[in-house]
Amino acid sequence: MSAILQDISEKLQKGKMKEVAELVKQAVADGIQPLTILNEGLMPGMDIIGERFKKNDIFIPEVLIAARAMAAGTDVLRPLLVGDQMEEKGTVVIGTIKDDLHDIGKNLVRMMMESKGLNVIDLGNSVPPAKYIEAAAKHNADIIACSALLTTTMVHIKDVVKGVAESPLAGKVKIMIGGAPVNDAFRESIGADYYTPDASSAAEKALEICAAARA
């Protein structure tokens, strides 16, 4: 890895948003390919953040700051990543389930997924089951990701599972679930496809699902 790509990774991990953007601009000016900057500078930095988060070395505020620095860098690159350069890795429709207004966890998952190069359609919070299904069909999504922070709202996730099973999306879209009260036993009880315990794991699993769908 060149010195500037290493610097981008390190500044991203520290959440230095403006510095990351400037370094990315400098790397472009130096003739480094945009895809190389993304794959060898920005993404490795975010991968390290994800691993540290899983090990409880850092916590949500640090991840959010790093994710914003990642976004600042990708904003510089996006206009330059055109055509075949921007590999289509997969599309995820994400939202917090009906009657649940919490979105910090969902936002973190979205940013971690985006840092893996996935296209994420964020429906926001208190999302009715039908809206997930409509969005997944519209955007040809690989995954519907539902989160809940309350035991009183997590029950609505089963309506998403049921709705997908009764729609043309059956067998085409995988359903991922997560959130504080959610666990794998609940996933199994409602027939969802995947449960992940944290944002980093969710992003890794989503990338794995999308890669398998394209294999």
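Procedures and definitions
Residues numbered from 1 in each chain as written. Predicted model: local features only at pLDDT ≥ 70, side-chain atom pairs only at ≥ 80, totals over all residues. Heavy atoms only, no water. Domains from an automatic or database assignment. Contact = heavy atoms within 4.5 Å. Salt bridge = Lys/Arg side-chain N within 4 Å of Asp/Glu carboxyl O. Polar contact = N/O pair within 3.5 Å; in protein donor to acceptor, adjacent residues only side chain to side chain. Helix = DSSP H or I, 4+ residues; strand = E, 2+ residues; numbered from the N terminus. Buried < 20%, exposed > 50% of the residue type's maximum accessible area, 1.4 Å probe, protein only. Disulfide = S-S within 2.5 Å. Core = buried A, V, L, I, M, F, W, Y, C linked by side-chain atoms within 4.5 Å. UniProt positions renumbered as here; feature names shortened; annotations may be inferred.

Attention shifts here to the domain arrangement of the protein chain. Assigned domains within the protein chain: domain 1 (3-80) and domain 2 (91-213). One C-alpha centre belongs to domain 1, the other to domain 2, and the line joining them spans 26 Å. Counting residues at the interface gives 12 residues for domain 1, matched by 12 residues for domain 2. Inspection of the domain 1/domain 2 interface yields two salt bridges. Between K116 and D47 there is a salt bridge, with its nearest N and O atoms 2.8 Å apart. Counting across the domain 1 and domain 2 interface gives three residue pairs in polar contact (both at pLDDT 80 or more). At the level of elements, α3 (34-54) and α4 (60-77) are the ones that each hand at least two residues to the side of domain 1 that touches domain 2.

So, on to the environment of M154. In this structure, M154 sits in helix α7 (residues 151-154). Judged by relative accessible area, which is 9%, M154 ranks as buried. For the pair M154 and G179, spaced 25 residues apart in the sequence, the C-alpha separation amounts to 8.7 Å. Setting aside residues no more than four positions away along its own chain, M154 makes contact with A148, P181, V182 and F186.

The next point concerns the pattern of salt bridges. A full pass over the atoms with the stated rule returns 12 salt bridges. Put simply, D75 and R78 hold a salt bridge, and the shortest N to O gap is 2.8 Å. With relative accessibility at 47%, the residue D75 sits in the partly exposed group. Linking D122 and R110 is a salt bridge whose minimum nitrogen-to-oxygen distance equals 2.8 Å. Of this pair, D122 sits in strand β2 (residues 119-122) while R110 sits in helix α5 (residues 104-115), placing them 12 residues apart in sequence. What makes D122 partly exposed here is its relative accessible area of 29%. Each of K106, R110, E114 and D122 takes part in salt bridges that share partners, so that together they form one network.

On to the state of the cysteines, then. Disulfides are covalent bonds that connect the sulfur atoms of two cysteines. One pass over the structure, following the stated rule, counts zero disulfides. Of the cysteine sulfurs around C146, a residue in no disulfide, the closest is that of C210, at 15 Å. Given the relative accessible area of 2%, C146 is considered buried.

To continue, consider the nonpolar core. Residues L42, M46 and M113 are the most contacted members of the largest nonpolar core, which totals 46 residues. For this core, the elements supplying multiple residues, two or more each, are α1 (3-13), α2 (17-29), α3, α4, β1 (91-96), α5, β3 (143-147) and α10 (199-214). Counting the residues that make up this core, at least three belong to each of domain 1 (3-80) and domain 2 (91-213). Setting aside residues no more than four positions away along its own chain, L42 makes contact with I8, L12, V20, V24, I37, M70, G73, T74 and L77. Listed in part, the 26 residues of the second largest apolar core include V93, Y132, L169 and I190.

We now examine the environment of V20. With respect to the secondary-structure elements, V20 resides in helix α2. According to the relative accessible area criterion, V20 is buried, its value standing at 0%. For the pair V20 and N56, spaced 36 residues apart in sequence, the C-alpha separation works out to 24 Å. Not counting residues up to four positions away in its chain, the partners in contact with V20 are I8, K11, L12, L42, A69 and G73.

All right, on to the UniProt feature "domain: B12-binding" (unreviewed entry) in the protein chain then. UniProt records the feature "domain: B12-binding" (unreviewed entry) at residues 89-215, using the numbering of this structure. The distance separating the terminal C-alpha atoms of residues 89-215 is 11 Å; by composition the span is 46% helix and 17% strand.

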